[in-house]
Amino acid sequence: MLIYTVKQLADLVSGVVEGDGGRQVSGVAPVDRAGPDDVTFVVNERYAERLEQSRVGACLIAPGIRVDANGAALIRVDNPELALSTVLELFHPSPQLEPAVHPTAVLGHGVQLGERVWIGPFVTVQAGVTIGSGTQIWAQCYIGAGASIGENCRIGPSCTIGHGVQVGDRVRLNPGVRLGVDGFGYASGPDGLTKIPQVGGCIIGDDVEIGANSTIDRGSLGDTIVGDRTKIDNLVHVAHNVVIGSHCVIVAQVGLAGSVHVGDGVQLGGQAGIIGHITIGAGARIAGQAGVIGDVPAGGVYSGYPARPHRQSLRASAATLQLPQLLQRLRELERK
Amino acid sequence: MLIYTVKQLADLVSGVVEGDGGRQVSGVAPVDRAGPDDVTFVVNERYAERLEQSRVGACLIAPGIRVDANGAALIRVDNPELALSTVLELFHPSPQLEPAVHPTAVLGHGVQLGERVWIGPFVTVQAGVTIGSGTQIWAQCYIGAGASIGENCRIGPSCTIGHGVQVGDRVRLNPGVRLGVDGFGYASGPDGLTKIPQVGGCIIGDDVEIGANSTIDRGSLGDTIVGDRTKIDNLVHVAHNVVIGSHCVIVAQVGLAGSVHVGDGVQLGGQAGIIGHITIGAGARIAGQAGVIGDVPAGGVYSGYPARPHRQSLRASAATLQLPQLLQRLRELERK
Amino acid sequence: MLIYTVKQLADLVSGVVEGDGGRQVSGVAPVDRAGPDDVTFVVNERYAERLEQSRVGACLIAPGIRVDANGAALIRVDNPELALSTVLELFHPSPQLEPAVHPTAVLGHGVQLGERVWIGPFVTVQAGVTIGSGTQIWAQCYIGAGASIGENCRIGPSCTIGHGVQVGDRVRLNPGVRLGVDGFGYASGPDGLTKIPQVGGCIIGDDVEIGANSTIDRGSLGDTIVGDRTKIDNLVHVAHNVVIGSHCVIVAQVGLAGSVHVGDGVQLGGQAGIIGHITIGAGARIAGQAGVIGDVPAGGVYSGYPARPHRQSLRASAATLQLPQLLQRLRELERK
């Protein structure tokens with residue numbers, strides 16, 4: 001069991017102790033479950049109340065929040081969530097896998113492995129693949145010919161990385177991610193739809209995380225690109241030739257049609273759908289389930305179907321509720 | 001070939017025979033395909049008509065439905081669908097797999113297997129996993145360290161069960177299910193979003209079924225929980241710290257954002273989306289594609305975006321259709 | 001490196017050369033990336049402008065488009081996209097896999113393989129499966145007992161094909177597709193929902209392509225059917241007993257509930273949802289995110305939720321935007 005003093009944790013996260021810095025904690029827990037041996041965290045006033053009713057050992061908490069600590073040692077930090085992230089890594093270190101290639105793994109010709117690479121059971125790595133130092137490829141993954149994966153990545157179980165796909169450093173793929181899939185491109189021919197060979201690339205930046213069972217197509221001729229530090233949730237669809245900037249947040253079940261351009265720092269709410277060939281400007285925020293059928297300016301906040309500026313959507317939505325009553329009033333006027 | 005008399009089937013489902021109980025049937029088929037050797041089923045008047053035009057051998061049918069059996073033997077049962085389920089199991093028994101661990105499977109240290117466990121080819125079972133008696137783990141599954149799986153489960157091909165996940169008894173996972181995936185949790189740091197280690201649990205109750213390629217995140221600190229007998233369809237997303245009650249029905253492509261609480265007996269229609277940190281009261285029914293952005297009371301019936309009580313949505317939706325005409329009437333009034 | 005003259009390409013696609021037919025090209029690229037050694041394509045006037053600013057070697061272009069070729073050789077063809085498809089296959093031939101069964105693959109009793117079949121690492125093929133000539137089964141696939149797969153198919157990595165599923169010729173499955181999954185069928189019993197055994201079939205026609213991580217259920221009693229030449233994108237859900245015609249286009253994340261009938265040549269936009277037991281007539285087009293809750297006539301163009309004829313949806317949607325202002329006008333009238 002790992003044990004740290006409150007003072008040690010405070011030093012680690014550059015926090016200031018209020019109370020007993022010598023107190024020892026051995027775990028992290030949410031405030032309503034935390035006990036005397038746990039450190040918890042409070043990000044706003046609402047949770048401060050729960051802290052007062054708890055018997056936690058210590059609490060990461062923003063400077064401005066007033067609270068009766070009820071005996072807990074407080075660690076004041078500007079960004080309790082970021083501090084929580086650090087403390088969690090301390091108590092839950094990533095499992096250290098003995099660098100090795102499992103004897104069942106099948107590696108093609110000319111595969112280049114960096115140092116401390118770990119490859120699990122039943123992994124298939126095709127010819128000419130490059131895997132950077134410290135990267136883990138978990139069980140049952142498939143990596144196509146000529147793909148390159150950077151350093152310190154964690155490719156979860158059952159992922160598929162198509163031929164020639166380029167993955168940056170410190171990328172995390174959750175289970176079942178499909179990268180570099182053939183896009184949905186057909187030409188109308190005499191016998192119906194005829195497949196247009198999809199020969200473009202798929203480039204994933206550094207520090208990207210992609211959720212379970214999400215799918216990212218390769219470009220048709222050009223490339224599909226996901227920028228650095230962008231985070232993609234589960235079951236998201238990214239079509240061919242989509243270009244996503246850096247620092248974006250794409251929530252579960254979003255769908256991006258072909259050739260969409262997404263600027264830096266964009267946030268797309270869950271189940272939002274973006275029609276093909278449009279641009280979402282940098283910093284824009286699209287609400288969950290929105291259906292975006294035209295360009296969105298930088299910094300725009302859009303919602304609804306078809307997606308419009310959020311205030312406009314709200315007003316229209318509120319007015320819709322008044323409609324039956326409005327019809328009534330109109331009828332009365334007409335009678336007069 | 002399995003052959004049963006109508007009387008034998010009637011006894012099995014506690015039904016009452018009308019017609020020739022000695023008649024033999026050897027299969028089950030839908031009414032428009034069933035022949036003289038088949039038993040079919042009729043749940044309502046609409047299908048009764050089709051029965052009259054068919055040449056089926058026998059029919060499971062509710063007591064109240066009047067029908068000219070056209071020579072078929074009828075088996076009157078209160079719940080024809082439930083009876084159908086029993087009869088189907090009779091004619092289509094689950095394949096009996098010779099209990100065995102396939103020689104290609106890779107088992108870690110301290111794995112505990114109950115009796116009659118079947119493990120297919122290319123399965124990876126990490127250290128410390130417990131698998132209950134009678135459970136089948138199909139080909140290409142990955143089971144993370146310390147996970148526990150109950151008795152008589154059927155884990156379909158290519159499923160991923162994360163470390164420490166707890167699965168109850170008689171659970172069925174269809175192919176490609178991901179349990180205990182890292183949730184979508186990040187803190188804003190100086191370099192952009194920083195991953196908050198997801199260290200919570202993922203607990204699946206007894207008699208749960210989960211559809212193909214659905215994803216269920218582990219908790220961030222606490223647990224993600226799916227209650228007993230809840231049924232989840234394909235491509236559903238359940239985020240971290242979601243708590244789903246028992247006896248729920250969650251149709252395909254639903255998305256549940258983080259920390260949602262779903263009461264017992266809730267029904268969520270296909271593609272519905274539920275925003276984070278809200279509560280859906282017990283017995284509530286949410287229509288397909290609804291976007292729920294606030295609490296729903298127990299027993300509530302909600303639809304639309306944003307989701308409102310279904311009657312209110314219907315009225316607003318109907319009124320919206322009259323809008324162009326309403327505008328016209330308003331213009332006329334103004335002219336006067 | 002493959003090199004062809006413009007004349008050779010023109011002959012291949014039955015095109016007419018304008019300019020230097022002897023010019024040599026060695027690759028295909030989009031117009032804004034193409035150089036002097038590349039052939040590109042232009043389908044409409046908008047891209048013609050870009051051609052004028054480029055330095056491409058050759059260009060597939062429709063007869064009607066006027067353009068200053070800027071030195072490029074033009075290949076006039078009626079259908080530039082179809083010609084592109086042909087030229088791409090020339091420059092990017094499908095990798096020729098040495099016909100072989102990988103030594104790690106596990107094949108059950110009575111498996112029948114045609115000529116030139118290729119089976120990758122860690123594939124599981126259960127008893128009685130038939131695989132046609134020229135078909136490739138990529139790594140980590142699972143094929144259930146008694147399934148049959150036609151000729152010249154390409155079953156991508158990590159696909160699951162359930163027992164008894166029938167797949168036609170020249171079918172392409174992208175990674176993670178699940179065919180013949182148990183449908184979402186339960187009867188209400190005394191202990192809650194009871195599974196109705198799903199014993200129907202799943203039949204996929206010729207020349208079908210299915211996108212990554214899509215799921216297609218088997219029928220409950222009857223069959224789930226996908227017609228010839230129908231194309232299905234990523235993360236699509238097709239429930240039990242759905243019958244889809246031929247030449248359909250089903251875009252990503254669409255959901256089709258149980259027993260839906262889809263006519264030939266239907267187009268379903270991304271994230272559209274179709275309620276169970278309805279019919280979409282031949283040639284109908286459903287907009288992205290539409291929620292279809294009733295039959296759609298042949299040739300109908302529907303959008304919105306609930307889906308209505310597109311013009312009606314557009315008018316209602318436009319009127320909704322005027323609502324706040326309309327309320328204002330009504331108030332003024334009332335004051336008078």
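Above this note sits the structure.
Described below are features of the structure shown in this document. (Residues numbered from 1 in each chain as written. Chains lettered and ligands numbered in written order. Predicted model: local features only at pLDDT ≥ 70, side-chain atom pairs only at ≥ 80, totals over all residues. Heavy atoms only, no water.)

Taken together, the contacts link 60 residues of chain B with 58 residues of chain A. Here chain B and chain A share an interface that buries about 4600 Å² over both sides, 63% of which is from carbon and sulfur atoms. At the boundary of chain B and chain A, one finds 4 salt bridges. At the surface where chain B touches chain A, the tally comes to 27 residue pairs in polar contact (both at pLDDT 80 or more). If you list the elements that add at least two residues to the side of chain B that touches chain A, you get β21 (178-181), β22 (186-189), β23 (192-195), β26 (215-217) and α4 (310-335) of chain B. Considering every element that reaches the side of chain B that touches chain A, the biggest residue donor is α4(B), with 11 residues. (Contact = heavy atoms within 4.5 Å. Buried area = accessible area lost by both parts, 1.4 Å probe. Salt bridge = Lys/Arg side-chain N within 4 Å of Asp/Glu carboxyl O. Polar contact = N/O pair within 3.5 Å; in protein donor to acceptor, adjacent residues only side chain to side chain. Helix = DSSP H or I, 4+ residues; strand = E, 2+ residues; numbered from the N terminus.)

Let's shift gears to the side chain of T160(B). Turning to its location among the elements, T160(B) is positioned in strand β18 (residues 160-161). Judged by its relative accessible area of 3%, T160(B) is buried. When sequence neighbours within four positions are dropped, the list of residues in contact with T160(B) reads P157(A), S158(A), P175(A), Y142(B), V177(B), R178(B) and L179(B). (Buried < 20%, exposed > 50% of the residue type's maximum accessible area, 1.4 Å probe, protein only.)

This part is about the packing of α4(B) against helix α4 (residues 310-335) of chain C. At a closest axis distance of 8 Å, the pairing of α4(B) and α4(C) adopts a crossing angle of 40°. In terms of their interaxial angle, α4(B) and α4(C) are classed as oblique. Between α4(B) and α4(C) lies a crossing whose hand is left-handed. Every residue of α4(C) that contacts α4(B) at T320(B), L321(B), L323(B), P324(B), L326(B), L327(B), L330(B), R331(B), L333(B) and E334(B) is listed here: Q312(C), R315(C), A316(C), A319(C), T320(C), Q322(C), L323(C), L326(C), R329(C), L330(C) and L333(C). (Axes fitted to C-alpha atoms, helices over the stretch in contact; angles between N-to-C directions. Parallel < 35°, antiparallel > 145°, perpendicular 65-115°, else oblique. Left-handed = near helix turned anticlockwise from the far one by under 90°.)

Residue and element names in this part refer to chain B. Summarising the sheet, β22 and β23 pair through 4 bridges and their orientation is antiparallel. Across the sheet, G189 pairs through a bridge with G192, a residue of β23. Taken together, β22 and the strand that follows it, β23, pair antiparallel across an intervening segment of 2 residues. (Pairing = 2+ DSSP bridges.)

Tallied over the entire structure, the rule returns 0 disulfides over all chains. Cysteine C153(B) shares no disulfide, and the gap to the nearest cysteine sulfur, in C159(B), comes to 11 Å. Here C248(C) stays unpaired: no disulfide links it, and the sulfur of C202(C), its closest cysteine neighbor, is 15 Å away. (Disulfide = S-S within 2.5 Å.)

On to the relation of the copies chain B and chain A, then. For the pair chain B and chain A, the superposition axis carries a translation of 0.0 Å, the fit reaches an RMSD of 0.0 Å, and the rotation angle comes to 120°. What the rotation and shift describe, once combined, is the action of a three-fold rotation axis. (Least-squares fit on C-alpha atoms with pLDDT ≥ 70 in both.)

What follows deals with the interface of chain C and chain B. Each partner contributes to the interface: chain C provides 60 residues, whereas chain B provides 58 residues. Interface of chain C and chain B: buried area, both sides summed, is about 4600 Å²; carbon and sulfur atoms make up 62% of it. The interface formed by chain C and chain B contains 4 salt bridges. Our count for the contact surface shared by chain C and chain B stands at 27 residue pairs in polar contact (both at pLDDT 80 or more). Every element with two or more residues in the side of chain C that touches chain B is listed here: β21 (178-181), β22 (186-189), β23 (192-195), β26 (215-217) and α4 of chain C. Taken together, the residues that form the side of chain C that touches chain B break down as 28 nonpolar, 23 polar and 9 charged. (Nonpolar A, V, L, I, M, F, W, Y, C, P; charged D, E, K, R; others polar.)

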